[in-house]
Amino acid sequence: MTDAAALPGQPRGAVRTGPATERAVNVLAPNASAMTLDGTNTWILAEPGSELAVVIDPGPLDDAHLRNVVGTAEKAGKRIALTLLTHGHPDHAEGAGRFAELTGTSVRALDPALRLGDEGVAAGDVITVGGLELRVVPTPGHTSDSLCFHLPADRAVLTGDTILGRGTTMVAHPDGRLGDYLDSLRRLRSLTVDDGVHTVLPGHGPVLEDAQGAVEFYLAHRAHRLAQVETAVEDGYRTAPQVVAHVYADVDRSLWPAAELSVRAQLDYLSEHGLI
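All values derive from a computational prediction rather than experimental measurement. (Residues numbered from 1 in each chain as written. Predicted model: local features only at pLDDT ≥ 70, side-chain atom pairs only at ≥ 80, totals over all residues. Heavy atoms only, no water.)

With mixed pairing, the 6 strands of this open sheet are ordered in space as E1-E2-E3-E4-E5-E6. What marks the edges here is a single partner per strand, and that holds for strand E1 (18–19) and strand E6 (107–108). Summarising the sheet, E1 and strand E2 (residues 24–28) pair through 2 bridges and their orientation is antiparallel. Within E2, the position partnered with Pro19 by the bridge is Val25. The strands that helix H1 (residues 63–75) touches are E2, strand E3 (41–45), strand E4 (52–56) and strand E5 (79–84); relative to E2, the one it contacts most, it runs at about 150 degrees. (Pairing = 2+ DSSP bridges. Helix = DSSP H or I, 4+ residues; strand = E, 2+ residues; numbered from the N terminus. Contact = heavy atoms within 4.5 Å. Axes fitted to C-alpha atoms, helices over the stretch in contact; angles between N-to-C directions.)

Here you go:
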């Protein structure tokens, strides 16, 4: 058995519904798959002693899950006052409309098409609910609308799909761009160095105890994959499917469609920088 402390980011262990930090509780959605890992982590955040809570990523349109999120908050004596989205992929955001009906909350997101209510979110925004403070961190790359939320009081960051609790994420070409994604990882690294963030609360997979280690692993992994793709092109593998079959030969074939999106983003990046 591999020691979790030796794995990238030091994953905490099994993914489960329940408290993760002093202010964050996970409710795991029942949508496990190769792409979503154990399922979507729906996060309930609240300041200790406050009756108000924020939910990040209600998850898929699964009424039982959405009601479970509401019930979990209510059992803790909390009323959900706001819903936030890290990005618009269905496994994070499809249930937001129904969740808004159940809770009477607005839905704030970077993409106006995902919002319910008059307010969105933007880089540098500070969101306060019942004494809880969240800082909006723009992290495009996985998608153009990807956001993270910095929870200073817990020295934590909620990363959606930008950093996962296990494995690595894809760059969802053409909406996602590799250059943006690398910049976003560097921005998250700054949070770990300058702001003391040490915990990653991801959109999928276990909590990570070593945020800086996770970011450094992601940056190294991206550099390694980019070099592999560049070499593959030099060796005559010209199309994205050809590069995937060559570079990702050791990866589960069910993940190749996602890998192809990342490869297309890498090919664009290499072309833009005159490397191929």
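This part is about the environment of Ser271. Inspection of the secondary structure puts Ser271 in helix H7 (residues 256–272). Expressed as a C-alpha distance, the spacing of Ser271 and Glu230, which sit 41 residues apart in the sequence, is 9.9 Å.

Tallying each qualifying case throughout the model produces 1 aromatic pair. Measuring from centroid to centroid gives 6.2 Å for Phe217 and Tyr218, while their planes differ by 75 degrees, and the two rings are edge-to-face. Under the relative-accessibility criterion, Phe217 is labelled partly exposed at 33%. Lying over the aromatic face of Tyr248, Arg225 brings its terminal NZ or CZ to 4.2 Å of the ring centre. Directly above the ring of Trp256 sits Arg253, whose terminal nitrogen or CZ lies 4.3 Å from the centroid. (Phe/Tyr/Trp six-rings, centres within 6.5 Å; stacked < 30°, edge-to-face > 60°. Buried < 20%, exposed > 50% of the residue type's maximum accessible area, 1.4 Å probe, protein only. Lys NZ or Arg CZ within 6 Å of the ring centre and 35° of its normal.)

Below, the discussion takes up helix H3 (residues 96–103). Ala96, Phe99, Ala100 and Thr103 are the residues of H3 that are buried. Buried residues along H3 cover an arc of 105 degrees about the axis, so they all sit on one side. On its buried side, H3 packs onto E4, H1, E5, helix H2 (90–93) and E6. Phi turns positive one or two residues past the end of H3, at Gly104, with a value near 70 degrees. (Arc of directions from axis to C-beta.)

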